[in-house]
Amino acid sequence: MLRGVSDPPTEPPELTVSRLLLRGLARRCPLCGGGNLFRRWFTIVDRCPRCGFRLERIEGHWIGALGINTIVSVVAVLVAVVAAFAATYQDESAWVAVGAIVATAIIVPLAFYPVSKTLWSAIDLAMRPLEPDDDVDPRWIPPATRHER
Ligand SMILES: [Zn+2]
């Protein structure tokens, strides 16, 4: 019998930190790597449709995603400021540079928003391994749930 793409593997791969982070950066479920976690750009589902992993594991979970998004956005704005200054430091009018900086400050947090959520869920899973309360499909739990150091 052919296996479907949603079928769990006979032995899910170990949840290494690098695997978790790559899945988070790809806007995928940290536990099974499945997609379709967003109904719209800003709306994440409660549970992974493939393995049942609850993406908001505790009350206040998303404060971590907010923190990641803030850090990424501030770094992007700093890079934009330096680049804009380097490109226009001899110009009398720097409105294009100001516009580019403002655009960066608006676009980056919005564009990075979904990634910040899945990335934070991956970091959270790396720090707090699965518990029975997570109530996931047990076929997706790797046999060795240890994490790489
Ligand atoms: Zn999943």
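About the thresholds
- Residues numbered from 1 in each chain as written.
- Predicted model: local features only at pLDDT ≥ 70, side-chain atom pairs only at ≥ 80, totals over all residues.
- Heavy atoms only, no water.
- Helix = DSSP H or I, 4+ residues; strand = E, 2+ residues; numbered from the N terminus.
- Rg over C-alpha atoms; globule rule 2.2 N^0.38 Å.
- Buried < 20%, exposed > 50% of the residue type's maximum accessible area, 1.4 Å probe, protein only.
- Contact = heavy atoms within 4.5 Å.
- Donors = N, O, S within 2.8 Å, 3.2 Å for Na, K, Ca; no water.
- Phe/Tyr/Trp six-rings, centres within 6.5 Å; stacked < 30°, edge-to-face > 60°.
- Lys NZ or Arg CZ within 6 Å of the ring centre and 35° of its normal.
- Lys, Arg positive; Asp, Glu negative; His and termini not counted.
- Salt bridge = Lys/Arg side-chain N within 4 Å of Asp/Glu carboxyl O.

**Q** Just give me the short version of the overall build of the chain, but keep the residues and values in it.
**A** In terms of helices and strands, the chain carries 3 helices and 2 strands. In the chain, the order of α-helices and β-strands from amino to carboxyl end is α-β-β-α-α. Since a compact globule built from 149 residues should have a radius of gyration of about 15 Å, the 19 Å found for the chain marks it as more spread out than a globular shape. The C-alpha extent of the chain, read off along each of the three principal axes, is 70 × 30 × 30 Å. Relative to its 149 residues, the chain shows a buried fraction of 37%. Residue pairs in contact within the chain that sit at least 24 positions apart in sequence constitute 63% of those at least 6 positions apart.

**Q** How would you sum up the environment of T10? Please name residues and give values.
**A** You can see T10 is positioned in the segment before α1 (17–25). For the pair T10 and A65, spaced 55 residues apart in sequence, the C-alpha to C-alpha distance is 32 Å.

**Q** Could you give an account of the coordination of the zinc ion, with specific residues and numbers?
**A** The protein atoms that coordinate the zinc ion are C29 (SG), C32 (SG), C48 (SG) and C51 (SG), at distances of 2.3 Å. Each donor residue of the zinc ion lies on the same chain, and together they follow the pattern C-x2-C-x15-C-x2-C. Highlighted residues: C32 in the loop between α1 and β1 (38–40) and C48 in the loop between β2 (43–44) and α2 (63–88), separated in sequence by 16 residues. In this structure C32 comes out as buried when scored by relative accessible area, which is 6%.

**Q** I'd like a description of the packing of aromatic side chains, backed by residues and values.
**A** The relation between two aromatic rings is expressed through the spacing of the ring centres and the mutual angle of the planes. By the definition in use, this model includes 2 aromatic pairs. Pairing F85 with Y89 gives two aromatic rings, centres 6.1 Å apart and planes at 35°, and the pair type is tilted. Like Y89, F85 is exposed. Residue placement shows K117 over the ring face of W62; its charged tip is 4.4 Å from the ring centre.

**Q** A description of the side chain of K117 should follow, citing residues and the corresponding values.
**A** With respect to the helices and strands, the residue K117 is situated in helix α3 (residues 95–127). Look at K117: it is buried, it has no salt bridge, and the nearest opposite charge is E56 at 6.8 Å. Discounting chain neighbours no more than four positions away, the residues touching K117 are I44, W62 and A65.

Note that all results are geometric; they support no functional claim without further evidence.
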